[in-house]
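Architecture and fold: a report
One letter stands for each residue in the lines below.
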2 protein chains.
Amino acid sequence: MVQSINPRTGLAFGPVFEDTSLENVDGLIAKSQAAFALWSAATPAERASVLELVADGLDSHAAALVEVADLETGLGSPRLTGEVARTTFQIREFAKAIKSGQFVTAQSDPFVEGAPPVGHPEFIRTLQPLGPVVVFGANNFPFAFSVLGGDTASALAAGCTVIAKAHPSHPQTSTQVYEIAAEIFAAHGFADVLALFHGVEAGSYALKSEAVMAGAFTGSLRGGRALFDIASSREVPIPFYGELGSVNPVVALASGLGDPKGFATAYLDSLLLGNGQFCTNPSILFVPAGSPVLQEIADQVAARKPTPFLSPATKKAHDAQREVLATTLGSAPILGESNSDTGIYSAPAVIFTDLEITQKNPAALRVECFGPTGVVVTYSDLSALIEQLAELEGALTGSLFAGAEDENVAAVVKALAKRVGRVSWNSWPTGVAVSVGQQHGGPYPASTNSLHTSVGLHAISRFLRPVTFQNFPATLVARLS
Amino acid sequence: MVQSINPRTGLAFGPVFEDTSLENVDGLIAKSQAAFALWSAATPAERASVLELVADGLDSHAAALVEVADLETGLGSPRLTGEVARTTFQIREFAKAIKSGQFVTAQSDPFVEGAPPVGHPEFIRTLQPLGPVVVFGANNFPFAFSVLGGDTASALAAGCTVIAKAHPSHPQTSTQVYEIAAEIFAAHGFADVLALFHGVEAGSYALKSEAVMAGAFTGSLRGGRALFDIASSREVPIPFYGELGSVNPVVALASGLGDPKGFATAYLDSLLLGNGQFCTNPSILFVPAGSPVLQEIADQVAARKPTPFLSPATKKAHDAQREVLATTLGSAPILGESNSDTGIYSAPAVIFTDLEITQKNPAALRVECFGPTGVVVTYSDLSALIEQLAELEGALTGSLFAGAEDENVAAVVKALAKRVGRVSWNSWPTGVAVSVGQQHGGPYPASTNSLHTSVGLHAISRFLRPVTFQNFPATLVARLS
């Protein structure tokens, strides 16, 4: 049972959503499986055209969706308007990709005359959708990583059907998005390719269903790992694509700081974007000892205003982690402004420390403080810093600020590339473009499978398995691939 | 501790191999990790040229290798000579692929002007090797799926290093292959990219090592699942590519039987190839009731001679499974000739049953009888047969024998494609060509990850993870990808 909470007031509002009963979860999965027979048999072009209509549907309801999402998440109209645009762009990009044959086209491997190992029959390597997929909506992106977010859109583009779990912090937004899409799918002969349900127990239960062939998740390490364990320990294990959070390192060399004031502003903007509730906020900034940037950051954070948390649980976890960090590092946070409202707020904060301290407490750099808190680590020995980078947990992104001619660039980039899925050059990690070259995933715990991405077109590949047709006559192949 | 056994005599021979101590496993992994730094930094062309020298090295020792492998496995000189050729062909194909940039080339995604979601920075999506990989050698392919088999070759081509567990049924062959390769790697500056160890406990222990980034395995469901569980339940889970065995269906429609005598011969040849110890032998053949093929099979199998098992354990498991099948299906096997030698033999056999019986005992069709035993199921109702196919466990391959104009082809192919990784048309499932279109993998339990293949060039992709470079200047990208 869940009810929306307005983060700006802390007050509950709107309808109460009951947890979906396990019996009803079974019913949704059975319908999803039936829908899969039709949806997977549709051509990529057919699927693409329906997905484009769904994107149009969301766009035409954008204002109403933003309004309810803002009440539920406090993320603000501008950000949410952009997020709806990103979400529908994403759906259309996946549609465009499969329409043009990207990721779904069969690979032809013609007959080769001769004895083995050289000779072989003709092979047509096709890619077939896995089946119904359970998608767990994220807290922090009520559109782009939720009911019709990247996981759902890529699974649908692949030809899978989706049973989506609504995130409890935005049940109304989830329901409205679902209803818009469901009506369009049904109107075009594809009822039940998308289903919506509520409840933690229902989520675990769905992932155990024999008919479910994959899971996708964006959220906390604890929750994601529990679901990964369920998926992996089934009698028939299934792939589970979890994006579990990330402590993202940013390294500034002296050659890359530029204007200290501008650098500090850009850092805090990226750190506090979405109240620090992105998976790509710059969690740890390494700065040369004695840099004027340090004072700039301290001065500027003190003047920053708080923005609301997504939920009371998010604030609680953040505040506890900030406390752990401050205690472990022995350094009181420099706080920004507080908010006397009744809403769910904490002051923005930066904790300053140095490399000698983090060397003694490497575990402190594995604490994801999901919210408006950053850690700034000063260093004087670059090789010690590079050693420290190797101690970091797997992360989604790493950034390097440096002059292109700096002789230390290669060593830092190499160290970052070992621990992350995306390395950015003189740019902040937030802002994850939906594109074919994007990589949003990384070594565990950034993701449960570092071979894949949850953002960008390659996300489709997570839901397709190869099936090769050997020695088939051309007339049959045309009907099969 | 293990010693070779000659399957033709049942007698042990040659040196005793001690299990590698856990301390020594740690040492091997540490060396492998150090070697990874060099090997992963080598260009694909450099790696390819060393791999080609290793292939040359194996070829130049082929006669001696075949001799010892034949003593240890009883597979016979012709088969083993072909297997060495296939193994070195496979190494050269992986080398050729990476040299030409296949699977390892970075993908360029140029800068797009404009506001998000349309605009984005430049991305260069590279593919980076995971790290040291543990490869578990298979029983039934002492070369092609063993120390320097497909798993090792594809991991090395990807830029990973390999710690290989020797299969206890051919420790001498494993050691000789390892020594030939290790000398060549070392001579070219890449010592320790390949390591060899012995022992079950050492294998589990290696898979738990923090430095190990993936596992690959070909073998039994029980052993493979235990290792998959270890890999998945680590604090940092790693991908585990297990090929765990397969009950391969073959469907013959009346239109596809051709000459009954020739069909029966070809079936038995495929069934009994390698004493039925392939993962792709035709486990279950569905034949129209009343077909003259049935009598042909019965007559011909009675005249077939036994060939030795790989090991006493393989024979024991096979004989027990055959007993289970015969009892469950209520049908005594039609046996071929016995062998009075002291070696490890069982008579070839075919168990005949019909669809009404298997419908009542679908579990019987999930029993992999790894050895010289086939099940022939007669059917009179094709739609009941198609329903039965849906009850099968995931398999590596499925075959269909039918006339191209037969109106039932599409329905059967569709049913097979849902349960297997490769569908063959009018051809038997054995004989797995190493090629880019090959798919050797399938829904669990055929493999632990149906998105990948353990044979064919795509196998390289199992050991690479994407790392995207965002916004990097051209001069730097050239050094990085």
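Data block above holds the structure.
So, here is what we can say about the structure in this document. Keep in mind the model is a prediction, meaning the values are calculated, not measured.

Residue and element names in this part refer to chain B. As for its position among the elements, Leu385 is in helix α13 (residues 382-391). Take Leu385: its relative accessible area is 0%, and that puts it in the buried class. With 27 residues separating them along the chain, Leu385 and Val412 place their C-alpha atoms 8.9 Å apart.

What follows concerns the environment of Val66 of chain B. Residues and elements named next belong to chain B. With respect to the helices, strands and loops of the structure, Val66 is situated in helix α3 (residues 62-73). Distance in space between the C-alpha atoms of Val66 and Gly403 is 41 Å, their sequence separation being 337 residues. Residues in contact with Val66, not counting those within four places in the same chain, are Ser77, Leu80, Thr81, Val84 and Phe143.

Moving on to the pattern of salt bridges. Across all of its chains, the model carries 24 salt bridges over all chains by this definition. Here Lys96 of chain A makes a salt bridge to Glu93 of chain A, at a shortest N to O gap of 3.2 Å. In this pair, Lys96 of chain A and Glu93 of chain A are both assigned in helix α4 (residues 77-99), three residues apart and thus about one turn of the helix distant. We note a salt bridge from Arg92 of chain B to Asp56 of chain B, for which the minimum N-O separation is 2.9 Å. Residue Arg92 of chain B is found in helix α4 (residues 77-99), and its partner Asp56 of chain B is found in helix α2 (residues 44-60); the two are separated by 36 residues along the sequence.

What follows covers the sheet that holds strand β9 (residues 240-243) of chain B. Residues and elements named next belong to chain B. Strands sit in the order β7-β6-β5-β8-β9 across an open sheet of five strands; the sheet is parallel. Looking at strand neighbours, the two that pair on one side only are β7 (194-197) and β9, the edges of this open sheet. Across the sheet, the mean angle separating the axes of adjacent strands is 15° when strand polarity is ignored. Bridge count between strand β5 (residues 133-136) and strand β8 (residues 214-218): four bridges; the pairing is parallel. By the bridge assignment, Val133 is partnered in β8 with Ala214. Sheet strands touched by helix α8 (residues 221-233): β5, β8 and β9. Its angle to β9, the strand with the most contacts, is close to 170°.

Another point: the packing of aromatic side chains. Residues and elements named next belong to chain A. The tally for this structure, following the rule as stated, stands at 28 aromatic pairs over all chains. Seen from their ring centres, Trp39 and Phe185 are 5.8 Å apart, and the 85° between their planes marks the pair as edge-to-face. With Trp39 in helix α1 (residues 22-41) and Phe185 in helix α6 (residues 171-187), this pair connects stretches of sequence that are 146 residues apart. As far as the burial class goes, Trp39 and Phe185 line up, both buried. Geometrically, the ring pair formed by Phe217 and Phe240 is tilted, given 6.1 Å between the ring centres and 35° between the ring planes. Pair noted here: Phe217 is in strand β8 (residues 214-218) and Phe240 is in strand β9 (residues 240-243), with a separation of 23 residues, a long-range link. One exposure class covers both Phe217 and Phe240, and it is buried.

All names here are of chain A. Counting buried residues along strand β11 (residues 284-288), five of its five residues qualify, which places the element largely inside the surrounding structure. Both strand β10 (residues 249-252) and β11 contribute to a ladder of three bridges, which runs parallel. In the sheet register, Pro249 faces β11, and the bridge partner there is Ile284. Relative to strand β14 (residues 373-379), β11 runs parallel, the two being bridged by five bridges. Following the sheet pairing, Pro288 is matched in β14 by Tyr379.

This part is about the relation of the copies chain B and chain A. By a simple turn and slide, chain B fits onto chain A: the slide is 0.0 Å along the axis, the RMSD is 0.0 Å, and the turn is 180°. Read as a symmetry element, the transformation amounts to a two-fold axis. Taking C-alpha positions as reference, the residue of chain B nearest the rotation axis is Ser232 of chain B, located at 3.3 Å. The share of interface residues of chain B whose copies in chain A are also at the interface is 100%, consistent with both copies meeting through the same surface.

Time to look at the packing of helix α2 (residues 44-60) of chain A against α6 of chain A. Axes are the key here: two packed helices are described by the angle between their axes and the distance separating the axes. Residues and elements named next belong to chain A. In contact at an axis separation of 9 Å, α2 and α6 are set at 140° when each is read in the N-to-C sense. Taken together, the axes of α2 and α6 are oblique relative to one another. For the element pair α2 and α6, the recorded crossing hand is right-handed. Between α2 and α6, the residues in contact are Val50, Leu51, Leu53, Val54, Gly57 and Leu58 and Val177, Ile180, Ala181, Ile184 and Phe185, respectively.

Let's shift gears to the interface of chain B and chain A. Listed as interface residues are 64 residues of chain B and, on the opposing side, 65 residues of chain A. Where chain B abuts chain A, roughly 5,300 Å² becomes buried across the two surfaces, and 59% of that area is made up of carbon and sulfur atoms. By the criterion of area lost to chain A, the three top residues of chain B are Pro117, Leu451 and Arg465 of chain B, representing 12% of everything that side buries. Put simply, chain B and chain A have zero salt bridges between them. The interface formed by chain B and chain A includes 39 residue pairs in polar contact (both at pLDDT 80 or more). Looking at the side of chain B that touches chain A, the elements with two or more residues in it are α4, β3 (107-109), β4 (123-129), α8, α14 (409-419), β16 (420-425), β17 (464-470) and α15 (474-480) of chain B. Ranked by residue count, the leading element in the side of chain B that touches chain A is β17 of chain B, at seven residues. For the side of chain B that touches chain A, the class distribution of residues is 32 nonpolar, 19 polar and 13 charged.

Reading the values: rules and limits
Residues numbered from 1 in each chain as written. Chains lettered and ligands numbered in written order. Predicted model: local features only at pLDDT ≥ 70, side-chain atom pairs only at ≥ 80, totals over all residues. Heavy atoms only, no water. Helix = DSSP H or I, 4+ residues; strand = E, 2+ residues; numbered from the N terminus. Buried < 20%, exposed > 50% of the residue type's maximum accessible area, 1.4 Å probe, protein only. Contact = heavy atoms within 4.5 Å. Salt bridge = Lys/Arg side-chain N within 4 Å of Asp/Glu carboxyl O. Pairing = 2+ DSSP bridges. Axes fitted to C-alpha atoms, helices over the stretch in contact; angles between N-to-C directions. Phe/Tyr/Trp six-rings, centres within 6.5 Å; stacked < 30°, edge-to-face > 60°. Least-squares fit on C-alpha atoms with pLDDT ≥ 70 in both. Parallel < 35°, antiparallel > 145°, perpendicular 65-115°, else oblique. Left-handed = near helix turned anticlockwise from the far one by under 90°. Buried area = accessible area lost by both parts, 1.4 Å probe. Polar contact = N/O pair within 3.5 Å; in protein donor to acceptor, adjacent residues only side chain to side chain. Nonpolar A, V, L, I, M, F, W, Y, C, P; charged D, E, K, R; others polar.

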